[in-house]
Amino acid sequence: MQQEISFVEIAVIGGGPAGLCAALEAANAGARVILLDRQDRLGGQLIKQTHRFFGSRSHRASERGINIAAELTGQVISHPLIEALTGATVFGFYEDGVLGVEQEGRVFYLKPSRVIVATGASEKNLAFPNNDLPGIYGAGAVQTLVNVYGILPGKRVLMVGAGNIGVIVSYQLLQAGMEVAAIVEAAPRIGAYWVHAAKVRRAGVPIYTSHTIKRAYGEQEVEEAVIWQLDEQGQPVPGTEKDFAVDTICLSVGLSPLVELLAQAGCRLAYVPQLGGHVPLRDANLQTTVPGVYVAGDAAGVEEASAAMMEGALAGLHAAYSLGYGRAGYEDRRRELQHQLDSLRSGPVGEKIRTGLARVLAG
Amino acid sequence: MRIEQHPVLEFRRGKKIKFTFDGKEYVGYEGETIAAALHAAGIRVMRESPVLHRPRGLFCAIGNCSSCLMTVNGEPNVRICVEKLRPGMVVESQKGKGVVYAAGN
Ligand SMILES: Cc1cc2nc3c(=O)[nH]c(=O)nc-3n(C[C@H](O)[C@H](O)[C@H](O)COP(=O)(O)OP(=O)(O)OC[C@H]3O[C@@H](n4cnc5c(N)ncnc54)[C@H](O)[C@@H]3O)c2cc1C
Ligand code: FES
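Report on the accompanying structure. Just so we're clear, the structure is a prediction, and the values are computed from it rather than from any experiment. (Residues numbered from 1 in each chain as written. Chains lettered and ligands numbered in written order. Predicted model: local features only at pLDDT ≥ 70, side-chain atom pairs only at ≥ 80, totals over all residues. Heavy atoms only, no water.)

1. Side note on the overall build of chain A
Point 1. When helices and strands are tallied, chain A shows 9 helices and 19 strands.
Point 2. Judged by the C-alpha coordinates and their principal axes, chain A covers about 65 × 50 × 35 Å.
Point 3. Looking at chain A residue by residue over its 363 residues, the buried ones come to 56%.
Point 4. Split by element, the accessible area of chain A, about 15,300 Å² in all, is 51% carbon and sulfur.
Point 5. For chain A, the separation between the mean place of its 31 positive charges and that of its 36 negative charges on side chains is 6 Å. (Helix = DSSP H or I, 4+ residues; strand = E, 2+ residues; numbered from the N terminus. Buried < 20%, exposed > 50% of the residue type's maximum accessible area, 1.4 Å probe, protein only. Areas by Shrake-Rupley, 256 points an atom, 1.4 Å probe, with all protein chains shown as cover. Lys, Arg positive; Asp, Glu negative; His and termini not counted. Charge placed at Lys NZ, Arg CZ, Asp CG, Glu CD.)

2. Concerning the overall build of chain B
Point 1. A tally of helices and strands in chain B yields 1 helix and 8 strands.
Point 2. Scanning chain B from its N terminus toward the C terminus, one meets helices and strands in the order β-β-α-β-β-β-β-β-β.
Point 3. Overall size of chain B, expressed as C-alpha extent along the three principal axes, is 50 × 25 × 20 Å.
Point 4. Look at the contacts in chain B between residues 6 or more apart in sequence, and 40% of them connect residues 24 or more apart.
Point 5. When the accessible surface of chain B is split by element, carbon and sulfur atoms take 50% of a total near 5,700 Å².
Point 6. If you average the places of the 16 positive and of the 10 negative side-chain charges in chain B, the two averages end up 4 Å apart. (Contact = heavy atoms within 4.5 Å.)

3. Regarding the sheet that holds strand 1 (residues 16-21) of chain B
Residues and elements named next belong to chain B.
Point 1. Across the sheet, 5 strands lie side by side as 2-1-7-5-6; this open sheet has mixed pairing. Every other strand in the sheet has two partners, leaving strand 2 (24-29) and strand 6 (75-79) as the edge strands with one partner each. The average angle at which neighbouring strand axes cross in this sheet is 40 degrees, direction not considered.
Point 2. With 2 bridges connecting them, strand 1 and strand 7 (residues 90-92) associate as parallel partners. The residue bridging Phe21 from the neighbouring strand is Val91, located in strand 7. (Pairing = 2+ DSSP bridges. Axes fitted to C-alpha atoms, helices over the stretch in contact; angles between N-to-C directions.)

4. Description of the sheet that holds strand 12 (residues 211-217) of chain A
Residue and element names in this part refer to chain A.
Point 1. Strand order in the open sheet formed by 3 strands is 12-13-14, and the pairing between neighbours is antiparallel. Of all the strands in the sheet, the pair left with one neighbour each is strand 12 and strand 14 (242-244). Direction aside, neighbouring strands of the sheet carry axes that sit 25 degrees apart on average.
Point 2. With 6 bridges connecting them, strand 12 and strand 13 (residues 224-229) associate as antiparallel partners.

5. Topic: the nonpolar core
Nonpolar side chains in soluble globular proteins generally cluster together in the buried interior.
Point 1. One finds Leu173(A), Ile183(A), Phe19(B), Leu38(B), Leu58(B) and Ile80(B) to be the most contacted residues of the largest nonpolar core, which totals 48 residues.
Point 2. Elements with a minimum of two residues in this core: helix 3 (139-148), strand 9 (156-160), helix 4 (164-176), strand 10 (179-185) and helix 5 (194-202) of chain A together with strand 1, helix 1 (34-40) and strand 5 (69-72) of chain B.
Point 3. With 5 residues, the single largest contributor to this core is helix 3 of chain A.
Point 4. Once residues within four sequence positions are removed from consideration, Leu38(B) is found in contact with Phe19(B), Phe21(B), Ile43(B), Met46(B), Met70(B), Ile80(B) and Val91(B).
Point 5. The next biggest cluster of nonpolar side chains, apart from the first, holds 46 residues, and it includes Val12(A), Val33(A), Ala315(A) and Ala319(A). (Core = buried A, V, L, I, M, F, W, Y, C linked by side-chain atoms within 4.5 Å.)

6. Quick look at the packing of helix 1 (residues 17-29) of chain A against helix 7 (residues 305-322) of chain A
A pair of packed helices is characterised by two quantities: the angle between their axes and the separation of those axes.
All names here are of chain A.
Point 1. Taken N-terminus to C-terminus, the directions of helix 1 and helix 7 make an angle of 30 degrees; their axes are 7 Å apart at the nearest point. Seen from above, helix 1 lies across helix 7 with right-handed handedness. Of the residues in helix 7, those in contact with Pro17, Ala18, Cys21, Ala22, Glu25, Ala26 and Ala29 of helix 1 are Ala305, Ala308, Met309, Gly312, Ala313, Gly316, Leu317 and Ala320. (Left-handed = near helix turned anticlockwise from the far one by under 90°.)

7. Here we look at a nonpolar patch on the surface
Point 1. Taken together, the side chains of Phe91(A), Tyr94(A) and Val107(A) make up a nonpolar region of the molecular surface, amounting to roughly 240 Å² of accessible area.
Point 2. With respect to the secondary-structure elements, Tyr94(A) resides in the loop between strand 4 (88-93) and strand 5 (99-103). (Patch = residues over 30% accessible without salt bridge, like charges linked within 9 Å, V, L, I, M, F, W, Y side chains within 5 Å. Salt bridge = Lys/Arg side-chain N within 4 Å of Asp/Glu carboxyl O.)

Written as structure tokens, this is what we have:
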């Protein structure tokens, strides 16, 4: 069968904060960009972030994620050099650099000169008996149902994980009218920022640190959850079980980068726990080991939205530059973006990310 | 269950749409996913796993995990967490792997 292939300058896969900023930076330099996202709204994870952002210093902290998404999306859609396709899933990245795309049942192929992969991350699961029962969701999934569609998945929820996401989603579920039975956290301390944790504590939600979920019960759907305590070695302590009658369990136990397309493209990956799992090796411009293929955002390592935006901009800037665009002022802009990114990752909060990055940065 | 009042968000729902799930008629809204419409009706079991026949529901809600595969208008393995609801859709819970190719086609 004869297949038509369109040649394009820069393709950006994923329209979250990283992809949106990559597209804007490249197009502002003068390159033609096609942006593809499988959802029919641009903005990625940000479209469900109704809380004021935890953020580092001046970088948009205290703005709501949905507003940042709306602003960037507006700029992208009105940019004459960007074509944004929604409902468009990139299903394959072939050896010869061709992308396979499906949009509403139609399949077409693109051969971009540069590709920026900004596909984000997926939520991790946790191993416990009955963890596959309907009613057990990733915390982000419940956030999508509640904040995007206005639908509650159940009446009473147990949240597993007291990091920022677990605690923020718990608060949002309370706001939306669900009962939060408890939050459990395997670590001895709450990982979330104190402002968010204090809000759920004030609402009367108990947070059990050094606890984990033992098992779920239910025939067709979740009806009950049992938690137990962990000792200093992280081993469960029999006899410390507590039961909760809940119809929903949310898992907020971390994200892992979505790197399938990069793996298909032949990019070298490394397993780096600090960045969430397998991530591509890359240089300071976010270019992977396959020339012309870039990565940015959570796909490059699970971090947060401001870092995703700056990585996207750096990748977009370099992709355009390497095609001969934006030569004037390139060095200044690059240095400025790199400086912002470095300051974001400075200090004790950025320690984990810096350690992880040291293992994947080459050249 | 649908949220009617929310302190931060306002939900602008589209036109009402009729669809069927396992032969029974339901109503959802234009612009929402099949998963959202089913959850609004309290339906959380989407299929039965092929080998151990375990019930399966939604896990990621963004098209990553394939936990939510259902048969839609006769086509199996549709990720209903990202597939939009359309008028008259016939949605069925899926048992097993789904038959894509039937003899005679
Ligand atoms: C509950 C929660 C709360 C958070 N709170 C904050 C906060 O307060 N402050 C903060 O800074 N960060 C926060 N974050 C993190 C932040 O949302 C992410 O770090 C950021 O969205 C990552 O951006 P991204 O562009 O890399 O990925 P995403 O936003 O995940 O976007 C990826 C996009 O790629 C698309 N895509 C994936 N695969 C394909 C494909 N094959 N074809 C086409 N499209 C594809 C997806 O549809 C998606 O739109 C939070 C995250 C969560 C889940
Ligand atoms: S719930 Fe994960 S793909 Fe639909």
